Amino acid sequence: VPEIERPPAELLEDLKAYPVAIIGDAMGARGIMHHAIKPLCREARICGPAITVETRAADNLMVHTALKLARAGDVLVVDAHGDLSAGIWGGLTTAMAIRKGLAGLVIDGAVRDCAELAASGFPVFTRGVCARGGGKDGPGQVNMPISCAGVCISPGDVIVGDADGVVVVPRELLRETIAAARQKVEKEQVRMDAIHGDDPEGIYPPWLIPTLRKKGVLPEDGGL
């Protein structure tokens, strides 16, 4: 599928202000990819619309197809079915992605040339590394709904990645997720101010004692 609908650039900028953990909390812990998907470089961060790719194990024909179709700012999201038998992304594809101005790569599979990739500054989030190269036989698909590392993703959904992992925000939920993330940050700032405030009891969350009572750990009038 050569064309997709992308979210407004201003909404991407708003979402980019929040870390993955906050965005995941804002969506009720939904949309967070399996913890095996990690950045090659901990400083890596991505935020952009998904170009979705499904490949056969150890094959990157559709990865190259996606590179041809992607635009500046897009994130390639590759469902390689968790296969680690071949690195289907490497130095050449990274150079192509940088040349096109892509925002990053997320792959539920393996990459190779990892030192070169890390040094390039191009954000790569992957399940693993394998020196063996892949084939170019197909089949596969580009810009169709996929499941990547336990999360359903449609073309144009927003991918955010940082040192904690990757979260997927459905394009149609982008505005309300930004609003919920903003509220989460404001709420956490109140707690942080209390922790660093003058009241020694402000260190502890206000829900702690009521929750312990509710769970039967403390009696109704008990405290710590």
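A few points on the structure. (Residues numbered from 1 in each chain as written. Predicted model: local features only at pLDDT ≥ 70, side-chain atom pairs only at ≥ 80, totals over all residues. Heavy atoms only, no water.)

1. Topic: the overall build of the protein chain
Okay, so step 1: A tally of regular secondary structure across the protein chain gives seven helices and ten strands.
Okay, so step 2: Its C-alpha atoms give the protein chain principal-axis dimensions of roughly 70 × 35 × 30 Å.
Okay, so step 3: Across the 224 residues in the protein chain, those meeting the buried criterion constitute 43%.
Okay, so step 4: In the protein chain, once contacts between residues fewer than 6 apart in sequence are set aside, the share between residues at least 24 apart is 73%.
Okay, so step 5: On the protein chain, roughly 11,600 Å² of surface is accessible, and the fraction owed to carbon and sulfur atoms is 56%.
Okay, so step 6: If the 24 positive side-chain charges of the protein chain are averaged to one point and the 29 negative ones to another, these points end up 4 Å apart. (Helix = DSSP H or I, 4+ residues; strand = E, 2+ residues; numbered from the N terminus. Buried < 20%, exposed > 50% of the residue type's maximum accessible area, 1.4 Å probe, protein only. Contact = heavy atoms within 4.5 Å. Areas by Shrake-Rupley, 256 points an atom, 1.4 Å probe, with all protein chains shown as cover. Lys, Arg positive; Asp, Glu negative; His and termini not counted. Charge placed at Lys NZ, Arg CZ, Asp CG, Glu CD.)

2. Here's the deal with helix α3 (residues 61-69)
Okay, so step 1: Of the residues making up α3, those classed as buried are M62, V63, A66 and L67. All buried residues of α3 lie within an arc of 150° about the axis, which places them on one face of the element. (Arc of directions from axis to C-beta.)

3. Some thoughts on the pattern of salt bridges
Two side chains bearing opposite charge may form a pair once their charged atoms approach each other closely.
Okay, so step 1: In the structure shown here, the tally under the stated rule is nine salt bridges.
Okay, so step 2: The partner of E5 in a salt bridge is R171, with the nearest N and O atoms 3.4 Å apart. You can see E5 sitting in the segment before α1 (9-16) and its partner R171 sitting in the loop between β10 (165-169) and α6 (174-195), a full 166 residues away along the chain.
Okay, so step 3: Owing to a relative accessible area of 29%, R171 belongs among the partly exposed residues under this scheme.
Okay, so step 4: D59 is the salt-bridge partner of R56, the closest N and O atoms lying 3.2 Å from each other.
Okay, so step 5: A relative accessible area of 1% places D59 in the buried class.
Okay, so step 6: Each of D25, K184 and E188 takes part in a single network of salt bridges with overlapping partners. (Salt bridge = Lys/Arg side-chain N within 4 Å of Asp/Glu carboxyl O.)

4. Looking at the packing of α1 against α6
In a pair of packed helices, the angle between the axes and the distance between the axes together describe the arrangement.
Okay, so step 1: Running from amino to carboxyl end, α1 crosses α6 at an angle of 30°, the nearest separation of the two axes being 10 Å. By the angle between their directions, the pair α1 and α6 is classed as roughly parallel. In terms of crossing hand, the pair formed by α1 and α6 is left-handed. Contact with α1, carried on its side by L11, D14 and L15, involves L174, R175 and I178 of α6 and no other residues of that element.
Okay, so step 2: Classifying every residue of the contact of α1 with α6 gives four nonpolar, no polar and two charged. (Axes fitted to C-alpha atoms, helices over the stretch in contact; angles between N-to-C directions. Parallel < 35°, antiparallel > 145°, perpendicular 65-115°, else oblique. Left-handed = near helix turned anticlockwise from the far one by under 90°. Nonpolar A, V, L, I, M, F, W, Y, C, P; charged D, E, K, R; others polar.)

5. Examining unusual backbone geometry
Okay, so step 1: Following G138, the chain continues into P139 via a peptide bond in cis, with omega recorded as -5°.
Okay, so step 2: Relative to the assigned elements, P139 resides in the loop between β5 (124-129) and β6 (140-142).
Okay, so step 3: Even without glycine at this site, N143 takes up a positive phi of about 60°.
Okay, so step 4: Its location among the elements puts N143 in the loop between β6 and β7 (146-148).
Okay, so step 5: Residue classification places N143 among the buried positions, given a relative accessible area of 4%.

6. Notes on the nonpolar core
Okay, so step 1: Grouped together as the largest cluster of nonpolar side chains are 23 residues, with contacts concentrated most on L76, V78, W89 and L105.
Okay, so step 2: At the level of secondary structure, the elements contributing two or more residues to this core comprise β2 (46-55), α3, β3 (75-79) and β4 (104-111).
Okay, so step 3: No other element matches α3, which puts four residues into this core.
Okay, so step 4: In contact with V78, not counting residues within four places along its chain, are V53, T55, V63, I88, L105, V106, I107, D108 and C148.
Okay, so step 5: Judged by nonpolar contacts, the second largest core, of 18 residues, contains V75, I146, A149 and V168. (Core = buried A, V, L, I, M, F, W, Y, C linked by side-chain atoms within 4.5 Å.)

7. Focus on the environment of C130
Okay, so step 1: By the element assignment, C130 lies in the loop between β5 and β6.
Okay, so step 2: Judged by relative accessible area, C130 falls into the buried class, the value being 14%.
Okay, so step 3: For the pair C130 and C114, spaced 16 residues apart in the sequence, the C-alpha separation amounts to 9.0 Å.
Okay, so step 4: Look past the residues within four positions of C130 in its chain and what remains in contact with it is L84, S85, A86, G87, A110, V111 and R112.

Treat this as a map of the structure, not an account of what it does.
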